[in-house]
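Geometric and topological summary
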Amino acid sequence: MGVKGRFAHLNGGGRPSGDGGWDCDGDQPLLPLLSSRSESENKSGRGDNPRPKKSPPPSDTTIQRHSKNALPRLTAGDLAAVGHEEFLLISPQPPTSRFQAMPSRFQAVALVSSPVCPNAVAWSDENLVAVASGHCVTIVNPANPFGPRGLITIPDTKAFPVGLIPKQDLASDCMLPTCLSRDVRPCGRSISWSPLGLSPNAGYDPNYGLTFREEVFSFYLFLYRCLLAVCTTKGVVKVYRSPFCEFSAEWVEVMDISEMLHTYFAKTRYGEVHVPTPDNCQVSQVGLKQGGIGNRANNLPLISAEQYACRSAMLSSLVVAWSPMLDNKSGRSCCILAIGSKSGKISFWRVHEPQCYSITHGSNPLPVASLIGFIQAHNSWITALSFSMFVSDESPQLLLSTGSSDGSVKIWWGCIDDLLKSTEDVHASFSLLEEVINVGSGPSSVLSLLVPDTLPRKIILAVGKGSGSLEIVTYDISIRKFDVSGSHYAHDQVVTGLAWAYDGQCLYSCSQDNSLHSWIIKGDLLHEVPLPSNILGVKMSTDVPNVSDACFGIAVSPASLAIAVVRSFDVNLLNQMYEARSLKAVVEFFWIGGQMLQDDNEHDDENFPGFPNRDLVNWGRNILWSLNQHEQYLDKPLVVWDIIAALSAFMKSEVNYVEQILVMWLMTSVGLVCDPSLESVLPHVYRYLSDLTSRQLHLFNVIIRHVILREAKLNGERQRSEREELKLWTKLLEMSEKDIQERLVGCSLSATLKGNWRHIGMAQMRLWVAKNDDKVKDYVKFLSSEAEKTESRCVAEAEEECCSFCSAGVPFEDTEIAYCQGAERHKLARCAVSMTVCPLSPLWFCVSCNRWVSNLAPVTLFKLLRYPLPGHKNVQKGEIAKPFCPFCGILLQRLQPEFLLSTLPV
Ligand SMILES: [Zn+2]
Ligand SMILES: [Zn+2]
């Protein structure tokens, strides 16, 4: 009841059927069988329904579309004969035909509470999946789904003191939306991940009490992580960070946005015109006591019911969304948090990235969200928000799409330069671009906005409706014209999740009716294509039952090869003794790497000669697409867990296929034209390494290390031919790391010479250059000699390096390890960036190559297009060094104990 009831505002009480009548789906029959019968009868009843023809319409898709209908068709007589009880007894083992057509998941994680609102799942840039289910938000690592989890217990909150109303007004109409909630404990309604880089990861905060050993952590450590914003069904928005020093699973609150909103409104008296003066307040209180409501209202004014309803609607938040990171050329970058409320207003909050990222010490101030303004976006509840970025001719713009319960959908844009500057009390710098769907077309439940990288003049917005229909709005910015492609009866109930994949080539949608579809846009119309079958098999055996009855959201993985789908269980189909108590919902992971993206797919076969079947051709094309995305967009964090997991799974059965993909990738990366075989491609690649971007070398390193070498290690003894190939790959890894080492030294030296870098490890680097005199390029030697001129003391300092344990001297022999000259011969780690001996304080750690880092590498290294660049352009001042591994390009972390949730980007 709770679930269906919560969608009341989205369902809109029913939807118009083809013949103008109304299907009322408010009353759900108790038996799924009966409901499916009535649904299918309704459908056959309106045969003239303008439901667009799906292409192609394979019979199994229909089963999966109406999975409930796939139960054996029983007549009413049959039912009477079998009887209610017996049906329930049979149903726990449903006929297999019902599930054969469902694309099968490769892993699943059971949840202890059921999701209640659309869009209940979100996948972060750092590769964590958050699910709002019931009274908690669960955070899982998809790379380690049965490992530790993060948890946010939704706190119960009291209503904000906005005023008091006379008792007789309690039942007035306008008070209804305020009193609708019947839950004792609030649930998670909307969640959103911030981009990477906003989160402090440990610290003592005087506002919230001592978190952990004040004397040690009386400051914030800024690791490069994401923040999670959570909006509850009571309308309260809070922002959380991952725990670190707390050693607990519970995530830590860093901001209470609703409290700040309340403070702001109280200060501005809710923007009401007739503001009671302090004198009036006194009078009200007298009136209050006479009214007999009680004397708990100390300073609260007596207000009318309308005023109360209006104020509480302004404070009741419904949906949250973080914008992408807004780059600031002249200062710190920031990110905007948008919060939609019941009043139709959207408030915007700005959070800056920290001054620096640090793991050991910091004087970073607490991250603060500052209010930068409001827009009155709609006249009814805001039910969906979605951000995207857009680069117009003049300046970059931030786009925001908003959907409301009255059916209207609008697209807004804001100039990023204004958003970086604007301060409180002004109108938010967003202006209306277009009202793309008008009021009265049925509530919108989810939105997904996208500006494709390949079509930068086009805005694509997918709108999911409470009626189950799906609309695609395209807006061409150059001719300022928008198109709404015909509404599709995509689902039978509320659309609860929408996600674009492959740069807008494919759309995934899911609904409360438990259906999950994938679509491609052909011409102007949506065409349904089958979800790819799982040819990779199940990653880990799970005993999570397969009895879901409603779907609550979809999220696409960072490299677009997998999706996470949240479903709640049909409790009647669970084993009541064992399962029904603890299993309420499931996060299922599906591979979408085999997704077909074009309907007429014959022509691209020639690119993949010799691929055994259609699925593998699709997989190959999509993996190459994903790798190419990472190579092209240097601002995109290198999170390739899904690519590596898929390739590793293929390695088990189709070694030659993986090789073929990698060879093709190397050939396109390097721009080679030659015989597509490993033996002929790899020697070419060795020669061109310095012409490649740092990002390409990072990808080589990560893929070789985690797909080829790890698999080889697991398999042990191999045939001789394979050992030869392994040697070739190992050589590529070595050469590419050497090239990066040289780039790193070059970037550090030149940054130091230009005076915008700390002088750490200069002596060691010059020693390294001297040692590798025969191998390094002349350019690096030149930089080294320049550095020597400016700092004559360097060599002496290097000799003074001493052991952290016994303070004996440490000579420079190797870039990664060092041994002290004391009697104990202590083994010490050297920082992978600065080559100095690591201190005993906490260090950054790379989970890919297991190197330690104490000083961060200059940003230039990660953006190098080739080395050395002509003239060697340097990065502008002010760009903050981010914690990336210089050799793998992935996020560095602080090593966590195994019982804590950690992220795995590879
Ligand atoms: Zn020692
Ligand atoms: Zn690394």
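Treat the numbers as computed from the prediction; the structure is a model and nothing was measured.

With respect to the coordination of the zinc ion (ligand 1)
For the zinc ion (ligand 1), every protein donor is listed as Cys-803 (SG), Cys-806 (SG), Cys-820 (SG) and His-826 (ND1), and the spread of their distances is 2.0 to 2.3 Å. For the zinc ion (ligand 1), the four donor atoms in the first shell make angles of 105 to 116° at the metal, so the coordination geometry reads as tetrahedral. Counting along the primary sequence, the residues that act as donors to the zinc ion (ligand 1) give the motif C-x2-C-x13-C-x5-H.

A short note on the sheet that holds strand E14 (residues 345-352)
The strand order E12-E13-E14-E15 describes an open sheet built from four strands, whose pairing is antiparallel. Either end of the sheet is taken by a strand with one partner, and the two such strands are strand E12 (317-322) and strand E15 (369-376). Averaged over neighbouring strand pairs, the angle between their axes works out to 20° when direction is ignored. In terms of strand pairing, E12 meets strand E13 (residues 334-341) through five bridges, oriented antiparallel. By the bridge assignment for E13, Val-320 is matched with Ile-339. Of the strands in this sheet, E12, E13, E14 and E15 are in contact with helix H9 (residues 257-267), which crosses E15 at around 65°.

As for the side chain of His-262
Position of His-262 relative to the elements: it lies in helix H9. When sequence neighbours within four positions are dropped, the list of residues in contact with His-262 reads Phe-160, Pro-161, Tyr-270 and Leu-315.

Describing the sheet that holds strand E17 (residues 396-404)
The four strands lie next to each other as E16-E17-E18-E19, forming an open sheet whose pairing is antiparallel. Across the chains shown, the open sheet's two edge strands, defined by having one partner strand only, are strand E16 (382-391) and strand E19 (430-437). On average, each strand axis in the sheet is inclined to that of its neighbour by 20°, with strand direction left out of account. The pairing of E17 with strand E18 (residues 409-415) spans seven bridges and is classified as antiparallel. Within E18, the residue paired with Leu-399 across the bridge is Trp-413.

Considerations on the coordination of the zinc ion (ligand 2)
At the metal site, the zinc ion (ligand 2) is ligated by Cys-846 (SG), Cys-849 (SG), Cys-885 (SG) and Cys-888 (SG), and these contacts range over 2.2 to 2.3 Å. Of note, the donors binding the zinc ion (ligand 2) are all from one chain and are spaced C-x2-C-x35-C-x2-C. Taken together, the residues span a long stretch of sequence, with Cys-849 in the loop between strand E33 (844-845) and strand E34 (852-853) and Cys-888 in the loop between helix H22 (859-863) and strand E35 (893-894) at a distance of 39 residues. By the burial criterion, Cys-849 is buried, and Cys-888 matches it.

Re the packing of aromatic side chains
Counted according to the given criterion, the structure contains 19 aromatic pairs. Both rings, one in Trp-619 and one in Phe-650, keep their centres 5.3 Å apart while their planes meet at 85°; by these two values the pair is edge-to-face. Taken together, the positions of Trp-619 in helix H13 (residues 614-632) and Phe-650 in helix H14 (residues 641-653) put the pair 31 residues apart, joining distant regions of the chain. The exposure class assigned to Trp-619 is buried, which follows from its relative accessible area of 1%. For Phe-650, a relative accessible area of 2% puts it in the buried group. Between Phe-845 and Trp-852, the ring centres sit 4.6 Å apart and the planes meet at 50°, which makes this aromatic pair tilted. Judged by relative accessible area, Phe-845 falls into the buried class, the value being 10%.

Observations regarding the UniProt feature "repeat: WD" (unreviewed entry) in the protein
Residues annotated by UniProt as "repeat: WD" (unreviewed entry) correspond here to residues 375-412 and 488-519. Between the C-alpha atoms that bound residues 488-519 the distance is 11 Å, and the span itself is 0% helix and 56% strand.

Overview of the pairing of strand E26 (residues 516-522)
Judged by how many residues are buried, E26 sits mostly within the fold: five of seven residues are covered. Summarising the sheet, strand E25 (residues 506-511) and E26 pair through four bridges and their orientation is antiparallel. If you follow Leu-507 over to E26, its bridge partner there is Trp-519. From the end of E25 to the start of E26, which pair antiparallel, there are four residues, and Asn-514 there has a positive phi angle of about 80°. Here E26 pairs with strand E27 (residues 525-529) via five bridges, running antiparallel. Bridge assignment links Lys-522 to a residue of E27, and that residue is Leu-525. Where E26 folds back onto E27 in an antiparallel hairpin, the turn is made up of two residues, including Gly-523, whose phi is positive at roughly 65°.

Section: the state of the cysteines
Going through the model one piece at a time under the given rule, you end up with zero disulfides. No disulfide involves Cys-334; its sulfur sits 7.2 Å from that of Cys-335, the nearest cysteine. For Cys-334, a relative accessible area of 0% corresponds to the buried category.

Some details on the pattern of salt bridges
Taken as a whole and judged by the stated rule, the model has 17 salt bridges. Put simply, Asp-635 and Lys-863 hold a salt bridge, and the shortest N to O gap is 3.7 Å. Of the two residues, Asp-635 is situated in the loop between H13 and H14 and Lys-863 in helix H22; the sequence distance between them amounts to 228 residues. Overall, the relative accessible area of 59% leaves Asp-635 in the exposed class. A salt bridge links Glu-801 to Arg-830, with the shortest nitrogen-to-oxygen separation between them at 3.1 Å. Here Glu-801, found in the loop between helix H21 (794-799) and strand E31 (817-819), pairs with Arg-830, found in the loop between strand E32 (827-829) and E33; they are 29 residues apart in sequence, far enough to count as distant. Residue class for Arg-830 comes out buried when judged on its relative accessible area of 2%. When salt bridges with common partners are traced through the structure, they connect Arg-705, Glu-737, Glu-816 and Arg-851 into a single cluster.

About the cut-offs
Residues numbered from 1 in each chain as written. Chains lettered and ligands numbered in written order. Predicted model: local features only at pLDDT ≥ 70, side-chain atom pairs only at ≥ 80, totals over all residues. Heavy atoms only, no water. Donors = N, O, S within 2.8 Å, 3.2 Å for Na, K, Ca; no water. Tetrahedral: all angles 85-135°; square planar, octahedral: opposite > 155°, others 65-115°. Pairing = 2+ DSSP bridges. Helix = DSSP H or I, 4+ residues; strand = E, 2+ residues; numbered from the N terminus. Axes fitted to C-alpha atoms, helices over the stretch in contact; angles between N-to-C directions. Contact = heavy atoms within 4.5 Å. Buried < 20%, exposed > 50% of the residue type's maximum accessible area, 1.4 Å probe, protein only. Phe/Tyr/Trp six-rings, centres within 6.5 Å; stacked < 30°, edge-to-face > 60°. UniProt positions renumbered as here; feature names shortened; annotations may be inferred. Disulfide = S-S within 2.5 Å. Salt bridge = Lys/Arg side-chain N within 4 Å of Asp/Glu carboxyl O.

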